[in-house]
Amino acid sequence: MISANLRNYLLSFIFVIFVVNEVAALPLSGVDNRKFGIILDAGSSSTKLRIYTWEDTIESVPKFDEYFYKKVKPGISSFHEDADEISVYIRNILAILKVELVEELWSSTPLYFMATAGLRLLDEETTSSIMSAVQEVLLNIDENPFQFEEENAHILAGEEEALFAWLTVNYLNDFFAAKRPASESLGLIELGGGSAQIAFIPDDPIYAGKMPATIAGKEYGVYCHSYLSYGATLMSERITELLIQENKHANVIINPCMLKGDSRNGTLGNKMVAMIGGGNASLCEDLLKYYLAPAEADMCSPKPCSIGQVYQPSVKNRKFFTFGLIYYLAKDFNILTKPGILNLKQMQNTVREYCEKSYEHATTVLGMSEEYASRNCQDGLYIPLLFSAVGLDIDNVFAAKDMQGSSVAWSLGGILYEEERNRYQELTSQLMEL
Ligand SMILES: *[C@@H]1O[C@H](CO)[C@@H](O)[C@H](O)[C@H]1NC(C)=O
Ligand SMILES: *[C@@H]1O[C@H](CO)[C@@H](O)[C@H](O)[C@H]1NC(C)=O
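Everything numeric in this text was worked out from a predicted model, so none of it was measured.

*Asks:* Please give an account of the pattern of salt bridges that cites residues and values.
*Replies:* Any two side chains of opposite charge can pair if their charged atoms end up close together. On inspection of all chains with the given rule, the structure shows 12 salt bridges. Glu 66 serves as the salt-bridge partner of Arg 50, at 2.9 Å between the closest nitrogen and oxygen. In this pair, Arg 50 is assigned in strand S3 (residues 47–55) and Glu 66 in strand S4 (residues 65–72), connecting sequence segments 16 residues apart. Lys 63 is paired through a salt bridge with Asp 65; the nearest N and O atoms lie 3.2 Å apart.

If you want it as C-alpha coordinates, here you go:
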(Lines give C-alpha, C1' and ligand atoms only; values in the text may rest on other atoms or scores of the structure.)
(Ligands and ions follow the chains in the order given, each with its own letter.)
Protein backbone atom coordinates (compact mmCIF):
# COMPACT_ATOMS: atom_id res chain seq x y z
CA MET A 1 0.00 0.00 0.00
CA ILE A 2 1.29 3.45 -0.80
CA SER A 3 0.72 6.22 1.67
CA ALA A 4 -2.04 8.76 1.14
CA ASN A 5 0.53 11.51 0.77
CA LEU A 6 2.41 9.71 -1.92
CA ARG A 7 -0.86 8.90 -3.59
CA ASN A 8 -1.93 12.52 -3.59
CA TYR A 9 1.44 13.49 -4.91
CA LEU A 10 1.15 10.98 -7.74
CA LEU A 11 -2.37 12.10 -8.52
CA SER A 12 -1.32 15.72 -8.82
CA PHE A 13 1.50 14.62 -11.07
CA ILE A 14 -0.87 12.76 -13.30
CA PHE A 15 -3.12 15.78 -13.59
CA VAL A 16 -0.21 17.67 -15.01
CA ILE A 17 0.78 15.24 -17.72
CA PHE A 18 -2.63 14.12 -18.85
CA VAL A 19 -4.06 16.34 -21.45
CA VAL A 20 -7.74 16.53 -20.87
CA ASN A 21 -10.16 18.06 -23.31
CA GLU A 22 -13.81 18.49 -24.17
CA VAL A 23 -16.07 18.53 -21.18
CA ALA A 24 -19.83 18.58 -21.49
CA ALA A 25 -22.54 18.10 -18.94
CA LEU A 26 -26.27 18.28 -19.37
CA PRO A 27 -28.42 19.93 -16.77
CA LEU A 28 -29.94 17.35 -14.47
CA SER A 29 -33.65 17.13 -14.01
CA GLY A 30 -35.65 14.58 -12.07
CA VAL A 31 -32.64 12.62 -10.79
CA ASP A 32 -34.98 10.28 -8.92
CA ASN A 33 -36.03 8.01 -11.75
CA ARG A 34 -32.89 8.42 -13.78
CA LYS A 35 -30.21 5.82 -14.17
CA PHE A 36 -26.57 6.43 -14.94
CA GLY A 37 -23.92 4.25 -16.52
CA ILE A 38 -20.22 4.78 -17.15
CA ILE A 39 -18.26 3.53 -20.13
CA LEU A 40 -14.50 3.87 -20.18
CA ASP A 41 -13.42 3.45 -23.79
CA ALA A 42 -9.74 2.58 -23.53
CA GLY A 43 -8.34 3.22 -26.99
CA SER A 44 -4.78 3.37 -28.24
CA SER A 45 -4.16 7.10 -27.78
CA SER A 46 -6.64 8.00 -25.04
CA THR A 47 -9.31 6.77 -22.68
CA LYS A 48 -12.69 8.34 -23.27
CA LEU A 49 -14.85 8.72 -20.20
CA ARG A 50 -18.56 8.78 -20.90
CA ILE A 51 -21.41 8.92 -18.42
CA TYR A 52 -24.78 8.16 -19.93
CA THR A 53 -28.10 8.85 -18.31
CA TRP A 54 -31.57 7.56 -19.11
CA GLU A 55 -34.97 7.35 -17.59
CA ASP A 56 -35.63 4.11 -15.76
CA THR A 57 -38.68 2.87 -17.56
CA ILE A 58 -40.02 -0.59 -18.22
CA GLU A 59 -41.29 0.15 -21.72
CA SER A 60 -39.52 0.10 -25.02
CA VAL A 61 -36.03 1.45 -25.54
CA PRO A 62 -34.55 3.86 -23.00
CA LYS A 63 -33.55 7.28 -24.27
CA PHE A 64 -29.88 7.77 -23.53
CA ASP A 65 -28.25 11.13 -23.09
CA GLU A 66 -24.56 11.72 -22.83
CA TYR A 67 -24.28 13.36 -19.45
CA PHE A 68 -20.53 13.74 -19.33
CA TYR A 69 -17.61 13.27 -21.69
CA LYS A 70 -13.91 13.65 -21.15
CA LYS A 71 -10.87 12.42 -22.97
CA VAL A 72 -7.85 11.43 -20.90
CA LYS A 73 -4.51 11.14 -22.65
CA PRO A 74 -2.39 9.10 -23.22
CA GLY A 75 -3.93 5.67 -23.81
CA ILE A 76 -3.45 2.96 -21.23
CA SER A 77 -1.25 0.83 -23.50
CA SER A 78 1.47 3.50 -23.33
CA PHE A 79 2.24 2.38 -19.75
CA HIS A 80 3.09 -1.14 -20.93
CA GLU A 81 3.35 -3.28 -17.86
CA ASP A 82 3.98 -0.64 -15.22
CA ALA A 83 1.30 -1.63 -12.71
CA ASP A 84 1.92 1.40 -10.47
CA GLU A 85 1.44 3.88 -13.27
CA ILE A 86 -1.67 2.06 -14.42
CA SER A 87 -3.12 2.20 -10.89
CA VAL A 88 -2.49 5.92 -10.71
CA TYR A 89 -4.04 6.35 -14.14
CA ILE A 90 -7.22 4.47 -13.18
CA ARG A 91 -7.46 6.28 -9.84
CA ASN A 92 -7.24 9.58 -11.65
CA ILE A 93 -10.14 8.53 -13.86
CA LEU A 94 -12.18 7.45 -10.83
CA ALA A 95 -11.45 10.81 -9.18
CA ILE A 96 -12.81 12.64 -12.23
CA LEU A 97 -15.96 10.50 -12.25
CA LYS A 98 -16.57 10.99 -8.54
CA VAL A 99 -16.58 14.73 -9.04
CA GLU A 100 -19.17 14.43 -11.82
CA LEU A 101 -21.67 12.17 -10.10
CA VAL A 102 -23.18 12.87 -6.69
CA GLU A 103 -22.23 10.36 -4.05
CA GLU A 104 -25.65 8.78 -3.60
CA LEU A 105 -25.54 7.62 -7.23
CA TRP A 106 -22.16 5.88 -7.05
CA SER A 107 -23.22 2.44 -5.86
CA SER A 108 -26.11 2.16 -8.33
CA THR A 109 -24.12 3.34 -11.34
CA PRO A 110 -22.46 0.51 -13.31
CA LEU A 111 -18.96 1.11 -14.61
CA TYR A 112 -17.55 -0.66 -17.65
CA PHE A 113 -13.97 -0.59 -18.78
CA MET A 114 -13.72 -1.67 -22.40
CA ALA A 115 -10.43 -1.70 -24.22
CA THR A 116 -10.05 -1.70 -28.00
CA ALA A 117 -7.43 -1.78 -30.77
CA GLY A 118 -4.41 -0.51 -28.79
CA LEU A 119 -4.59 -3.45 -26.40
CA ARG A 120 -5.52 -6.00 -29.03
CA LEU A 121 -2.21 -5.37 -30.79
CA LEU A 122 0.03 -6.00 -27.77
CA ASP A 123 1.36 -9.43 -26.87
CA GLU A 124 -0.65 -11.58 -24.49
CA GLU A 125 1.63 -11.20 -21.52
CA THR A 126 1.60 -7.40 -21.63
CA THR A 127 -2.14 -7.31 -22.15
CA SER A 128 -2.87 -9.57 -19.22
CA SER A 129 -0.62 -7.64 -16.86
CA ILE A 130 -2.26 -4.36 -17.91
CA MET A 131 -5.71 -5.85 -17.39
CA SER A 132 -4.87 -7.28 -13.98
CA ALA A 133 -3.52 -3.91 -12.84
CA VAL A 134 -6.79 -2.34 -14.03
CA GLN A 135 -8.87 -5.01 -12.27
CA GLU A 136 -6.94 -4.58 -9.05
CA VAL A 137 -8.03 -0.97 -8.70
CA LEU A 138 -11.54 -1.42 -10.05
CA LEU A 139 -12.33 -4.43 -7.85
CA ASN A 140 -11.21 -2.61 -4.74
CA ILE A 141 -14.36 -1.09 -3.23
CA ASP A 142 -12.29 1.41 -1.25
CA GLU A 143 -11.04 2.83 -4.53
CA ASN A 144 -13.94 2.22 -6.87
CA PRO A 145 -17.34 3.12 -5.38
CA PHE A 146 -19.25 2.39 -8.60
CA GLN A 147 -21.16 -0.78 -9.40
CA PHE A 148 -18.55 -3.12 -10.78
CA GLU A 149 -17.79 -6.80 -11.21
CA GLU A 150 -14.86 -8.46 -12.91
CA GLU A 151 -16.70 -9.05 -16.22
CA ASN A 152 -17.25 -5.30 -16.55
CA ALA A 153 -13.63 -4.79 -17.56
CA HIS A 154 -12.41 -6.56 -20.64
CA ILE A 155 -10.90 -6.18 -24.07
CA LEU A 156 -13.60 -5.99 -26.69
CA ALA A 157 -13.33 -8.43 -29.55
CA GLY A 158 -13.41 -6.68 -32.92
CA GLU A 159 -16.87 -8.19 -33.48
CA GLU A 160 -18.21 -6.76 -30.23
CA GLU A 161 -16.93 -3.34 -31.16
CA ALA A 162 -18.62 -3.71 -34.55
CA LEU A 163 -21.87 -4.81 -32.90
CA PHE A 164 -21.81 -1.87 -30.49
CA ALA A 165 -21.17 0.59 -33.32
CA TRP A 166 -24.01 -1.03 -35.28
CA LEU A 167 -26.30 -0.67 -32.26
CA THR A 168 -25.32 3.00 -31.92
CA VAL A 169 -26.06 3.79 -35.55
CA ASN A 170 -29.42 2.03 -35.55
CA TYR A 171 -30.37 3.37 -32.15
CA LEU A 172 -29.71 6.93 -33.30
CA ASN A 173 -31.60 6.22 -36.50
CA ASP A 174 -34.63 5.24 -34.42
CA PHE A 175 -34.65 1.70 -35.75
CA PHE A 176 -35.38 -0.02 -32.41
CA ALA A 177 -37.88 2.37 -30.89
CA ALA A 178 -39.91 2.48 -34.11
CA LYS A 179 -39.71 -1.35 -34.32
CA ARG A 180 -38.87 -1.24 -37.99
CA PRO A 181 -38.32 -4.40 -40.06
CA ALA A 182 -34.76 -5.71 -40.41
CA SER A 183 -34.66 -4.59 -44.04
CA GLU A 184 -34.75 -0.99 -42.78
CA SER A 185 -31.77 -1.39 -40.50
CA LEU A 186 -28.56 0.35 -41.51
CA GLY A 187 -25.35 -1.56 -42.04
CA LEU A 188 -22.16 -0.26 -40.52
CA ILE A 189 -18.73 -0.04 -42.09
CA GLU A 190 -15.85 1.56 -40.30
CA LEU A 191 -12.19 1.98 -41.06
CA GLY A 192 -9.82 2.44 -38.15
CA GLY A 193 -6.03 2.58 -38.00
CA GLY A 194 -5.64 -1.11 -37.16
CA SER A 195 -8.76 -2.81 -38.45
CA ALA A 196 -11.87 -2.41 -40.58
CA GLN A 197 -15.27 -3.39 -39.20
CA ILE A 198 -18.49 -4.39 -40.89
CA ALA A 199 -21.84 -5.21 -39.28
CA PHE A 200 -25.30 -5.66 -40.77
CA ILE A 201 -28.41 -7.82 -40.76
CA PRO A 202 -28.29 -9.76 -44.03
CA ASP A 203 -31.34 -10.94 -45.97
CA ASP A 204 -29.80 -14.43 -46.09
CA PRO A 205 -29.25 -16.69 -43.07
CA ILE A 206 -25.97 -16.18 -41.18
CA TYR A 207 -23.63 -19.20 -41.04
CA ALA A 208 -20.83 -17.61 -39.00
CA GLY A 209 -20.01 -14.37 -37.25
CA LYS A 210 -23.53 -13.91 -35.87
CA MET A 211 -23.72 -11.64 -32.84
CA PRO A 212 -27.05 -11.71 -30.99
CA ALA A 213 -28.45 -8.60 -29.34
CA THR A 214 -31.79 -8.29 -27.61
CA ILE A 215 -33.24 -4.79 -27.71
CA ALA A 216 -36.68 -4.00 -26.30
CA GLY A 217 -37.44 -7.71 -26.11
CA LYS A 218 -36.70 -8.37 -29.75
CA GLU A 219 -33.69 -10.43 -30.72
CA TYR A 220 -31.53 -9.39 -33.64
CA GLY A 221 -28.90 -11.56 -35.31
CA VAL A 222 -26.25 -9.26 -36.66
CA TYR A 223 -23.40 -10.42 -38.87
CA CYS A 224 -20.23 -8.80 -37.51
CA HIS A 225 -16.69 -9.03 -38.68
CA SER A 226 -13.52 -7.18 -37.89
CA TYR A 227 -10.85 -7.36 -40.58
CA LEU A 228 -7.82 -7.18 -38.30
CA SER A 229 -4.78 -5.53 -39.92
CA TYR A 230 -7.00 -4.01 -42.61
CA GLY A 231 -7.00 -0.61 -40.95
CA ALA A 232 -5.50 2.32 -42.87
CA THR A 233 -2.28 2.60 -40.87
CA LEU A 234 -1.55 -1.11 -40.92
CA MET A 235 -2.26 -1.30 -44.67
CA SER A 236 0.30 1.42 -45.21
CA GLU A 237 2.84 -0.55 -43.17
CA ARG A 238 2.05 -3.76 -45.02
CA ILE A 239 2.61 -2.09 -48.38
CA THR A 240 5.97 -0.78 -47.21
CA GLU A 241 6.93 -4.27 -46.09
CA LEU A 242 5.77 -5.84 -49.33
CA LEU A 243 7.80 -3.35 -51.38
CA ILE A 244 10.92 -4.00 -49.30
CA GLN A 245 10.46 -7.75 -49.69
CA GLU A 246 10.00 -7.44 -53.44
CA ASN A 247 13.13 -5.30 -53.78
CA LYS A 248 15.50 -7.20 -51.53
CA HIS A 249 18.70 -5.57 -52.70
CA ALA A 250 17.55 -2.01 -53.15
CA ASN A 251 18.33 0.79 -50.71
CA VAL A 252 16.00 3.20 -52.41
CA ILE A 253 12.49 2.08 -53.32
CA ILE A 254 9.83 3.85 -55.30
CA ASN A 255 6.48 3.65 -53.49
CA PRO A 256 3.65 4.24 -55.99
CA CYS A 257 1.21 5.02 -53.15
CA MET A 258 3.24 8.05 -52.08
CA LEU A 259 3.08 11.36 -53.89
CA LYS A 260 5.94 12.41 -56.15
CA GLY A 261 8.37 14.57 -54.21
CA ASP A 262 7.55 12.94 -50.87
CA SER A 263 10.07 10.69 -49.16
CA ARG A 264 10.34 8.76 -45.96
CA ASN A 265 12.19 5.82 -44.48
CA GLY A 266 10.58 2.40 -44.43
CA THR A 267 11.59 -0.53 -42.26
CA LEU A 268 11.18 -4.28 -42.37
CA GLY A 269 12.68 -5.96 -39.30
CA ASN A 270 15.98 -4.14 -38.96
CA LYS A 271 16.34 -3.30 -42.61
CA MET A 272 15.75 0.36 -43.39
CA VAL A 273 15.32 1.74 -46.86
CA ALA A 274 14.59 5.16 -48.27
CA MET A 275 11.23 5.35 -50.00
CA ILE A 276 10.43 7.97 -52.55
CA GLY A 277 7.01 8.74 -53.94
CA GLY A 278 6.06 7.35 -57.34
CA GLY A 279 2.55 8.83 -57.48
CA ASN A 280 1.10 6.05 -59.63
CA ALA A 281 -2.51 5.25 -58.75
CA SER A 282 -2.88 2.10 -60.82
CA LEU A 283 0.30 0.54 -59.42
CA CYS A 284 -0.81 1.46 -55.90
CA GLU A 285 -4.22 -0.10 -56.51
CA ASP A 286 -2.52 -3.30 -57.68
CA LEU A 287 -0.65 -3.47 -54.37
CA LEU A 288 -3.85 -2.91 -52.40
CA LYS A 289 -5.77 -5.49 -54.42
CA TYR A 290 -3.13 -8.07 -53.54
CA TYR A 291 -4.47 -7.93 -49.97
CA LEU A 292 -8.13 -7.65 -50.88
CA ALA A 293 -8.49 -10.55 -53.30
CA PRO A 294 -11.09 -13.20 -52.37
CA ALA A 295 -10.03 -16.83 -52.01
CA GLU A 296 -10.53 -19.29 -54.88
CA ALA A 297 -13.95 -20.98 -54.80
CA ASP A 298 -12.53 -24.28 -53.48
CA MET A 299 -10.83 -22.46 -50.59
CA CYS A 300 -13.97 -20.60 -49.54
CA SER A 301 -16.37 -22.36 -47.20
CA PRO A 302 -18.97 -21.42 -46.16
CA LYS A 303 -19.71 -19.23 -49.16
CA PRO A 304 -19.66 -16.41 -50.09
CA CYS A 305 -16.22 -15.06 -49.18
CA SER A 306 -15.30 -11.40 -49.18
CA ILE A 307 -11.59 -10.91 -48.55
CA GLY A 308 -9.41 -14.01 -48.55
CA GLN A 309 -11.25 -16.86 -46.84
CA VAL A 310 -13.49 -14.65 -44.74
CA TYR A 311 -17.11 -15.70 -44.95
CA GLN A 312 -19.50 -12.80 -45.30
CA PRO A 313 -23.16 -12.96 -46.31
CA SER A 314 -24.15 -10.73 -49.21
CA VAL A 315 -24.98 -7.12 -48.34
CA LYS A 316 -27.54 -7.01 -51.20
CA ASN A 317 -29.27 -3.61 -51.18
CA ARG A 318 -28.71 -2.76 -47.56
CA LYS A 319 -27.94 0.93 -46.93
CA PHE A 320 -24.74 1.47 -44.95
CA PHE A 321 -23.49 4.18 -42.66
CA THR A 322 -19.90 5.18 -42.07
CA PHE A 323 -18.18 7.83 -39.99
CA GLY A 324 -14.71 8.71 -38.68
CA LEU A 325 -11.76 8.29 -41.01
CA ILE A 326 -13.80 7.60 -44.15
CA TYR A 327 -15.98 10.63 -43.54
CA TYR A 328 -13.02 12.94 -42.99
CA LEU A 329 -11.28 11.70 -46.11
CA ALA A 330 -14.41 12.15 -48.21
CA LYS A 331 -14.71 15.64 -46.81
CA ASP A 332 -11.06 16.46 -47.60
CA PHE A 333 -11.69 15.41 -51.18
CA ASN A 334 -14.98 17.26 -51.29
CA ILE A 335 -16.93 14.32 -52.65
CA LEU A 336 -19.91 14.12 -50.33
CA THR A 337 -23.10 14.98 -52.07
CA LYS A 338 -25.56 16.99 -49.99
CA PRO A 339 -27.17 14.31 -47.81
CA GLY A 340 -23.78 12.73 -47.18
CA ILE A 341 -23.87 10.04 -49.84
CA LEU A 342 -20.48 8.63 -50.68
CA ASN A 343 -20.19 8.18 -54.41
CA LEU A 344 -17.46 5.58 -54.69
CA LYS A 345 -16.90 6.00 -58.41
CA GLN A 346 -16.43 9.73 -57.96
CA MET A 347 -14.13 9.10 -55.03
CA GLN A 348 -12.01 6.79 -57.13
CA ASN A 349 -11.71 9.29 -59.99
CA THR A 350 -10.94 12.25 -57.73
CA VAL A 351 -8.31 10.36 -55.77
CA ARG A 352 -6.66 8.87 -58.84
CA GLU A 353 -6.17 12.38 -60.17
CA TYR A 354 -4.93 13.55 -56.80
CA CYS A 355 -2.30 10.79 -56.59
CA GLU A 356 -0.62 12.17 -59.70
CA LYS A 357 -0.13 15.60 -58.14
CA SER A 358 3.17 16.37 -56.46
CA TYR A 359 3.62 16.48 -52.71
CA GLU A 360 4.41 20.16 -53.04
CA HIS A 361 1.18 20.84 -54.94
CA ALA A 362 -0.88 18.78 -52.48
CA THR A 363 0.45 20.56 -49.41
CA THR A 364 0.55 24.11 -50.76
CA VAL A 365 -2.18 24.44 -53.40
CA LEU A 366 -4.63 21.80 -52.12
CA GLY A 367 -3.98 22.43 -48.45
CA MET A 368 -3.42 18.80 -47.42
CA SER A 369 -1.44 18.30 -44.22
CA GLU A 370 2.22 17.32 -44.64
CA GLU A 371 1.71 14.20 -42.59
CA TYR A 372 -1.30 12.95 -44.52
CA ALA A 373 -0.71 14.23 -48.07
CA SER A 374 0.58 10.85 -49.27
CA ARG A 375 -1.61 8.83 -46.95
CA ASN A 376 -4.68 10.51 -48.40
CA CYS A 377 -3.69 9.16 -51.80
CA GLN A 378 -3.29 5.61 -50.49
CA ASP A 379 -6.31 5.67 -48.15
CA GLY A 380 -8.46 7.29 -50.82
CA LEU A 381 -7.60 4.52 -53.28
CA TYR A 382 -8.08 1.90 -50.60
CA ILE A 383 -11.61 2.79 -49.48
CA PRO A 384 -13.45 2.15 -52.79
CA LEU A 385 -11.48 -1.11 -53.21
CA LEU A 386 -12.30 -2.21 -49.68
CA PHE A 387 -15.97 -1.37 -50.18
CA SER A 388 -16.19 -3.30 -53.40
CA ALA A 389 -14.36 -6.26 -51.78
CA VAL A 390 -17.13 -6.50 -49.16
CA GLY A 391 -19.79 -6.02 -51.84
CA LEU A 392 -20.84 -2.43 -51.24
CA ASP A 393 -22.15 -0.56 -54.20
CA ILE A 394 -21.91 3.01 -55.38
CA ASP A 395 -24.48 5.23 -53.67
CA ASN A 396 -25.44 2.86 -50.88
CA VAL A 397 -23.15 4.32 -48.25
CA PHE A 398 -23.85 7.42 -46.19
CA ALA A 399 -20.93 9.16 -44.52
CA ALA A 400 -21.38 11.67 -41.73
CA LYS A 401 -19.56 13.09 -38.75
CA ASP A 402 -22.45 12.36 -36.43
CA MET A 403 -26.06 11.25 -36.48
CA GLN A 404 -29.02 13.33 -35.26
CA GLY A 405 -26.43 15.56 -33.60
CA SER A 406 -24.95 12.73 -31.52
CA SER A 407 -21.46 11.38 -31.95
CA VAL A 408 -21.44 7.86 -33.34
CA ALA A 409 -19.31 6.26 -30.66
CA TRP A 410 -19.59 2.51 -30.08
CA SER A 411 -19.86 3.20 -26.36
CA LEU A 412 -23.49 4.31 -26.75
CA GLY A 413 -24.28 0.91 -28.30
CA GLY A 414 -22.27 -0.63 -25.45
CA ILE A 415 -24.40 0.95 -22.72
CA LEU A 416 -27.57 0.09 -24.64
CA TYR A 417 -26.47 -3.54 -24.91
CA GLU A 418 -25.52 -3.81 -21.23
CA GLU A 419 -28.64 -2.06 -19.98
CA GLU A 420 -30.91 -4.23 -22.12
CA ARG A 421 -29.14 -7.31 -20.83
CA ASN A 422 -29.56 -6.18 -17.22
CA ARG A 423 -33.22 -5.43 -17.75
CA TYR A 424 -33.71 -8.83 -19.34
CA GLN A 425 -31.97 -10.55 -16.41
CA GLU A 426 -34.07 -8.63 -13.90
CA LEU A 427 -37.19 -9.57 -15.78
CA THR A 428 -36.31 -13.28 -15.91
CA SER A 429 -35.46 -13.39 -12.22
CA GLN A 430 -38.76 -11.68 -11.43
CA LEU A 431 -40.55 -14.29 -13.56
CA MET A 432 -38.72 -17.10 -11.77
CA GLU A 433 -39.93 -15.80 -8.44
CA LEU A 434 -43.58 -15.80 -9.55
C1 LIG B 1 16.04 8.56 -43.26
O2 LIG B 1 17.13 8.10 -42.53
C3 LIG B 1 18.34 8.80 -42.80
C4 LIG B 1 19.51 8.08 -42.09
O5 LIG B 1 19.15 7.71 -40.80
C6 LIG B 1 18.17 10.26 -42.36
O7 LIG B 1 19.33 10.99 -42.59
C8 LIG B 1 16.99 10.86 -43.12
O9 LIG B 1 16.75 12.18 -42.68
C10 LIG B 1 15.75 10.03 -42.96
N11 LIG B 1 14.72 10.54 -43.87
C12 LIG B 1 13.47 10.80 -43.51
C13 LIG B 1 12.59 11.31 -44.58
O14 LIG B 1 13.06 10.60 -42.39
C1 LIG C 1 2.15 3.86 -63.83
O2 LIG C 1 2.98 2.75 -64.03
C3 LIG C 1 2.65 2.01 -65.21
C4 LIG C 1 3.52 0.76 -65.22
O5 LIG C 1 4.86 1.06 -65.00
C6 LIG C 1 2.84 2.88 -66.43
O7 LIG C 1 2.47 2.16 -67.59
C8 LIG C 1 1.96 4.13 -66.28
O9 LIG C 1 2.19 5.00 -67.36
C10 LIG C 1 2.26 4.83 -64.99
N11 LIG C 1 1.31 5.91 -64.80
C12 LIG C 1 1.70 7.12 -64.47
C13 LIG C 1 0.62 8.13 -64.33
O14 LIG C 1 2.87 7.43 -64.30
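*Asks:* Tell me what's going on with the state of the cysteines, and back it up with residues and numbers.
*Replies:* Scanning the entire structure with this criterion turns up three disulfides. Two residues, Cys 300 and Cys 305, share a disulfide whose sulfurs are 2.1 Å apart. The disulfide joining Cys 300 to Cys 305 has a torsion of about 105° about its S-S bond and is therefore right-handed. Assessed through its relative accessible area of 5%, Cys 300 is described here as buried. Note that Cys 355 is cross-linked by a disulfide to Cys 377, the S-S spacing being 2.1 Å. Sign of the S-S torsion, about 115° for the bond between Cys 355 and Cys 377, identifies this disulfide as right-handed. You can see Cys 355 sitting in helix H10 (residues 344–355) and its partner Cys 377 sitting in helix H12 (residues 373–389), a full 22 residues away along the chain. Summarising the burial analysis for this pair, Cys 355 and Cys 377 share the class buried. The disulfide pattern of the protein is 1-2, 3-4, 5-6 when the bonded cysteines are numbered in sequence order.

*Asks:* How would you explain the domain arrangement of the protein if you had to name every residue and give the values?
*Replies:* For an interface, size is often stated in terms of accessible area lost upon the parts coming together. The domain boundaries assigned to the protein delineate domain 1 (28–156) and domain 2 (161–231 + 286–406). Between domain 1 and domain 2, the C-alpha centre-to-centre distance is 28 Å. Counting residues at the interface gives nine residues for domain 1, matched by eight residues for domain 2. Carbon and sulfur atoms supply 66% of the area buried between domain 1 and domain 2, which totals about 710 Å² over both sides. Per-residue buried area on domain 1 facing domain 2 is highest for Val 61, Arg 120 and Leu 156; these three make up 56% of the total on that side.

*Asks:* Hey, could you go over the packing of aromatic side chains for me, with residue numbers and the actual values?
*Replies:* Aromatic ring pairs are defined here through the distance separating the ring centres and the angle between the ring planes. Taken as a whole, this structure holds 22 aromatic pairs when the rule is applied. Taking the centre distance of 5.3 Å and the plane angle of 50° together, the rings of Phe 164 and Tyr 417 count as tilted. Of this pair, Phe 164 sits in helix H6 (residues 158–172) while Tyr 417 is found in helix H13 (residues 410–433), placing the two residues 253 residues apart along the sequence. Overall, Phe 164 belongs to the buried group, its relative accessible area being 2%. Between the aromatic rings of Trp 166 and Phe 175, the centroid separation amounts to 6.3 Å while the plane-to-plane angle is 75°, which identifies the pairing as edge-to-face. As far as burial versus exposure is concerned, Trp 166 and Phe 175 are alike and both buried. Linked through ring pairs, Phe 200, Tyr 207, Tyr 223, Tyr 311 and Phe 320 together constitute an aromatic cluster. Across from the ring centre of Trp 106, 5.9 Å away, lies the NZ or CZ of Lys 98, which sits over that ring. Positioned above the aromatic ring of Tyr 230, the side-chain terminus of Arg 238 is 4.8 Å from the ring centre.

*Asks:* Outline the nonpolar core, supporting the account with residue identities and numerical values.
*Replies:* Buried together is how nonpolar side chains tend to be arranged in soluble globular proteins. With 58 residues, the main nonpolar core has Tyr 230 and Phe 387 as its most contacted residues. Residue contributions to this core peak at nine residues, all from H12. Residue contacts for Phe 387: discarding those within four places in its chain leaves Ile 189, Ile 326, Leu 342, Leu 344, Leu 392 and Val 397. Ranked by size, the runner-up nonpolar core spans 38 residues in total, among them Trp 166, Phe 176, Tyr 220 and Ala 400.

*Asks:* Could you give me a rundown of the packing of helix H2 (residues 83–100) against helix H5 (residues 124–138), with the residues and numbers involved?
*Replies:* Two elements in contact, H2 and H5, have axes separated by 9 Å at closest approach and are oriented at 45°. As summarised for this structure, H2 and H5 are arranged oblique, according to the angle between their axes. Like other packed secondary-structure pairs, H2 and H5 cross with a definite hand, here right-handed. On H5, the residues that touch Ala 83, Ile 86, Ser 87, Ile 90, Arg 91 and Leu 94 of H2 are Ile 130, Ala 133, Val 134, Val 137 and Leu 138. Residue classes in the contact of H2 with H5 are distributed as nine nonpolar, one polar and one charged.

The rules behind these values
Residues numbered from 1 in each chain as written. Chains lettered and ligands numbered in written order. Predicted model: local features only at pLDDT ≥ 70, side-chain atom pairs only at ≥ 80, totals over all residues. Heavy atoms only, no water. Salt bridge = Lys/Arg side-chain N within 4 Å of Asp/Glu carboxyl O. Helix = DSSP H or I, 4+ residues; strand = E, 2+ residues; numbered from the N terminus. Disulfide = S-S within 2.5 Å. Buried < 20%, exposed > 50% of the residue type's maximum accessible area, 1.4 Å probe, protein only. Domains from an automatic or database assignment. Contact = heavy atoms within 4.5 Å. Buried area = accessible area lost by both parts, 1.4 Å probe. Phe/Tyr/Trp six-rings, centres within 6.5 Å; stacked < 30°, edge-to-face > 60°. Lys NZ or Arg CZ within 6 Å of the ring centre and 35° of its normal. Core = buried A, V, L, I, M, F, W, Y, C linked by side-chain atoms within 4.5 Å. Axes fitted to C-alpha atoms, helices over the stretch in contact; angles between N-to-C directions. Parallel < 35°, antiparallel > 145°, perpendicular 65-115°, else oblique. Left-handed = near helix turned anticlockwise from the far one by under 90°. Nonpolar A, V, L, I, M, F, W, Y, C, P; charged D, E, K, R; others polar.

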